[in-house]
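Fold and contact review
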Amino acid sequence: PAGASLVPLFGGLALGAAAMLLLLMFLVPGADATFDRDLIAEAGVVTASPLEGLDLRFDGHGVLTGSPSEPRIVWQSGTLHLNVDPTAGRRVSVRTGEASIEVLGTAFEVRRSALGTQVVVERGTVAVECKRGEAGELRDGATTFCLPATAAGMLARARVLHDQHSPAS
């Protein structure tokens, strides 16, 4: 039968098309490849624009991972200021030991120290979820503070407060 001889031909064409699609996904610039970049400010404030529509200013250290459409920052210490262009279509997230912050188009700051994580929204809206259970959205000018979530973190916080001669209460 003539139709039976076309089955291998169409199967081969389909396999070739699938292979070409995979190849294009890896070779086309701007494809959603993952990346891993250290963010380290050793002496003063650093300004960086690792992606179009994502401007960072920081004094401290962390790691930028994820993909161009969903960049993730694991912030370990210091101050991180983000300015995310809402038209860039990037879903940016920041994680600290105390909090998870999700954003799509805003300017905000994350400050992490032994006392915990503070999030300050300059403009726009961010969703903040503290590891101790508190969660909510912050809008223009709002701020929140997430306490350390581990015993070691709380001990470090207590030591800093003691060294600052804070009242026992």
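Scroll up to find the structure.
We now turn to the structure provided with this report.

Reading the values: rules and limits
- Residues numbered from 1 in each chain as written.
- Predicted model: local features only at pLDDT ≥ 70, side-chain atom pairs only at ≥ 80, totals over all residues.
- Heavy atoms only, no water.
- Disulfide = S-S within 2.5 Å.
- Helix = DSSP H or I, 4+ residues; strand = E, 2+ residues; numbered from the N terminus.
- Buried < 20%, exposed > 50% of the residue type's maximum accessible area, 1.4 Å probe, protein only.
- Core = buried A, V, L, I, M, F, W, Y, C linked by side-chain atoms within 4.5 Å.
- Expected span 1.5 Å × (residues − 1).
- Contact = heavy atoms within 4.5 Å.
- Salt bridge = Lys/Arg side-chain N within 4 Å of Asp/Glu carboxyl O.
- Phe/Tyr/Trp six-rings, centres within 6.5 Å; stacked < 30°, edge-to-face > 60°.

Scanning the entire structure with this criterion turns up 1 disulfide. Bridging C130 to C146, the disulfide has an S-S length of 1.9 Å. Handedness here is read from the sign of the S-S torsion; for C130 and C146, about -65°, the answer is left-handed. Of this pair, C130 sits in strand β9 (residues 125-130) while C146 is found in strand β11 (residues 143-146), placing the two residues 16 residues apart along the sequence. Both residues of the pair, C130 and C146, belong to the buried class.

Soluble globular proteins tend to pack their nonpolar side chains together in the buried interior. By size, the foremost hydrophobic cluster in this structure holds 27 residues, and its most contacted members are I73, L82, V94, I101, F108 and V126. When residues of this core are assigned to their parent elements, the largest contribution, 5 residues, is made by strand β4 (residues 71-84).

The subject of this paragraph is helix α2 (residues 151-163). Its 13 residues give α2 an end-to-end C-alpha distance of 18 Å, which sits within 8% of 18 Å, the value for a rise of 1.5 Å per residue. Immediately beyond the C-terminal end of α2, within one or two residues, lies H165, with a positive phi of roughly 60°.

Now for the environment of R37. Structurally, R37 can be placed in strand β1 (residues 35-40). On the accessibility criterion, R37 (39% relative accessible area) is partly exposed. Distance in space between the C-alpha atoms of R37 and T65 is 6.4 Å, their sequence separation being 28 residues. Residue contacts for R37: discarding those within four places in its chain leaves A48, P50, G62, V63 and L64.

Throughout the structure, instances matching the rule amount to 5 salt bridges. Residues R95 and E102 are paired through a salt bridge, measuring 2.9 Å at the closest nitrogen-oxygen approach. Across the pair E122 and R123 runs a salt bridge, and its minimum N-O distance is 3.3 Å. Classification of E122 as partly exposed rests on a relative accessible area of 48%. The exposure class of R123 is partly exposed, given its relative accessible area of 39%.

Moving on, we get to the packing of aromatic side chains. Here the structure, examined in full by the defined rule, presents 1 aromatic pair. Centroid distance F58 to W75: 5.9 Å. Interplanar angle 75°. Geometry classified as edge-to-face. With F58 in strand β3 (residues 54-66) and W75 in strand β4, this residue pair connects regions lying 17 residues apart in the sequence.

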